[in-house]
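Chain residues, written in single-letter form:
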Amino acid sequence: MKDHLRQMFAGLWAGALWVNAIISTLLLVERTYLTAIPRWIFVITLVLSSIMALTQTFGPMLVRSHFARDLIWILLEDFMTGFPDDRQNWTLRCNVMRLHKGILTTVAAWPERTMSSKDITWTTQQGCCGLAVRKNMPIVQDLSAYSGKSYDYLLDQLDGLPKWGMTREQWDHTRDLMSIISVPLVSVGVRPQVIGVLNFDARVTLEVWLGSGGTEAFLNRVQIIRRVLAITLQTMG
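Just so it is clear, the model here is predicted, and its values are computed rather than measured.

1. A short note on the sheet that holds strand β4 (residues 139–142)
Okay, step 1: With antiparallel pairing, 6 strands are arranged side by side in an open sheet as β3-β2-β1-β6-β5-β4. What marks the edges here is a single partner per strand, and that holds for β3 (122–123) and β4.
Okay, step 2: Where strand β5 (residues 179–186) meets strand β6 (residues 194–202), 8 bridges bridge the pair, whose relative direction is antiparallel. Bridging from a neighbouring strand, P184 pairs with V197 of β6.
Okay, step 3: Its contacts with the sheet put helix α8 (residues 214–234) on β1 (93–100), β2 (103–110), β4, β5 and β6, and the angle it makes with β5 is roughly 45 degrees.

Set out below in structure tokens:
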């Protein structure tokens with residue numbers, strides 16, 4: 001379906017170049033030969049030109065968005081192949097979130113290629129991803145003490161506020177995790193700013209899936225991919 005839409009947009013984009021020529025030709029014929037061209041021809045031309053104008057306005061943005069998502073997924077897949085084959089037993093995952101107006105939304109994930117419209121969103125005040133945005137630094141979190149516990153276990157006994165500002169829905173979505181690493185993605189330009197987050201999570205402790213290299217070695221590996229991911233994310237506008 002997506003391929004058909006892209007082909008349609010590409011066709012409309014190419015056809016839009018002929019709109020002005022067609023309209024000018026019709027007007028020239030009418031003026032030169034004093035021919036009364038039926039109004040419906042101009043109406044159809046107007047409708048088609050309007051559709052093509054919309055395509056030229058929004059088409060490139062949609063194409064860039066799809067291309068960026070596909071490229072991000074490929075980058076994630078290539079990076080994750082560096083882990084041992086038993087990572088499936090760890091349910092090791094990663095995703096890229098885009099920051100827009102204070103909301104973090106997942107744009108691509110591995111191993112899931114397609115994203116669900118029901119994906120959980122986060123604010124910059126929630127979770128490790130939000131903390132990574134606020135501090136503009138990698139956040140490494142061991143959740144083994146909370147993994148599998150009920151939401152009430154997160155609530156502070158004094159003020160009743162949940163740990164990491166998480167909602168019940170967010171906790172239900174992540175309660176089986178034992179470790180998380182969130183790395184901020186920073187834009188390239190005169191005024192660099194956090195535009196997203198690269199997240200890694202697993203159902204085992206950090207020591208299990210990071211191996212002997214530990215957190216420092218892992219974050220060093222992430223440095224290159226985080227820059228490429230930030231540039232790709234930035235093209236989405």
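2. Side note on the packing of aromatic side chains
Okay, step 1: This structure, assessed with the given rule, holds 6 aromatic pairs.
Okay, step 2: Ring geometry for Y146 and Y153: centres 5.8 Å apart, planes at 70 degrees, overall edge-to-face.
Okay, step 3: What makes Y146 buried here is its relative accessible area of 18%.
Okay, step 4: Of the residues examined, Y153 reaches a relative accessible area of 45% and is grouped as partly exposed.
Okay, step 5: With a centroid separation of 5.2 Å and 75 degrees between ring planes, the pair formed by Y146 and W164 is classed as edge-to-face. One end of the pair, Y146, is in the loop between β4 and α6 (168–174); the other, W164, is in the loop between β4 and α6, with 18 residues separating them in the sequence. The two residues Y146 and W164 agree in class, both being buried.
Okay, step 6: Over the aromatic face of W164 sits the side chain of K163, whose NZ or CZ is 5.4 Å from the ring centroid.
Okay, step 7: It is R221 that lies over the ring of F79; its NZ or CZ is 4.5 Å from the centre.

3. What about the pattern of salt bridges?
Okay, step 1: A complete count under the given rule lists 3 salt bridges for this structure.
Okay, step 2: Measuring nitrogen to oxygen at the nearest pair gives 2.9 Å for the salt bridge that ties R93 to D201. Note that R93 is positioned in strand β1 and D201 in strand β6, a separation of 108 residues in sequence.
Okay, step 3: On the basis of relative accessible area, D201 is assigned to the buried category, the value being 7%.
Okay, step 4: Ionic pairing is found between R203 and D176, a salt bridge with its closest N-O pair at 2.6 Å. Linking R203 in the loop between β6 and α7 (206–210) with D176 in the loop between α6 and β5, this pair joins segments that are 27 residues apart in sequence.
Okay, step 5: Classification of D176 as partly exposed rests on a relative accessible area of 27%.

4. Re the environment of R221
Okay, step 1: Within the fold, R221 resides in helix α8.
Okay, step 2: As a C-alpha pair, R221 and F79 span 142 residues in sequence and 9.0 Å in three-dimensional space.
Okay, step 3: Here R221 is in contact with F79, G82 and F83, once residues within four sequence places are set aside.

5. A few points about the side chain of R226
Okay, step 1: With respect to the helices and strands, R226 occurs in helix α8.
Okay, step 2: No salt bridge is formed by the buried R226; its nearest oppositely charged neighbour, E216, is found at 13 Å.
Okay, step 3: At 3.3 Å, the side chain of R226 forms a polar contact with the side chain of Q223.
Okay, step 4: Those residues in contact with R226, other than ones at most four positions away along the chain, are V183, P184, L185 and V186.

6. Quick notes on the pairing of β5
Okay, step 1: Summarising burial for β5: 7 of the 8 residues are buried, a large majority.
Okay, step 2: Of the pairings in the sheet, the one linking β4 to β5 comprises 4 bridges and is antiparallel in character. Among the inter-strand pairings, Q141 is bridged to a residue of β5, identified as I180.

Cut-offs used in this document
- Residues numbered from 1 in each chain as written.
- Predicted model: local features only at pLDDT ≥ 70, side-chain atom pairs only at ≥ 80, totals over all residues.
- Heavy atoms only, no water.
- Pairing = 2+ DSSP bridges.
- Helix = DSSP H or I, 4+ residues; strand = E, 2+ residues; numbered from the N terminus.
- Contact = heavy atoms within 4.5 Å.
- Axes fitted to C-alpha atoms, helices over the stretch in contact; angles between N-to-C directions.
- Phe/Tyr/Trp six-rings, centres within 6.5 Å; stacked < 30°, edge-to-face > 60°.
- Buried < 20%, exposed > 50% of the residue type's maximum accessible area, 1.4 Å probe, protein only.
- Lys NZ or Arg CZ within 6 Å of the ring centre and 35° of its normal.
- Salt bridge = Lys/Arg side-chain N within 4 Å of Asp/Glu carboxyl O.
- Lys, Arg positive; Asp, Glu negative; His and termini not counted.
- Polar contact = N/O pair within 3.5 Å; in protein donor to acceptor, adjacent residues only side chain to side chain.

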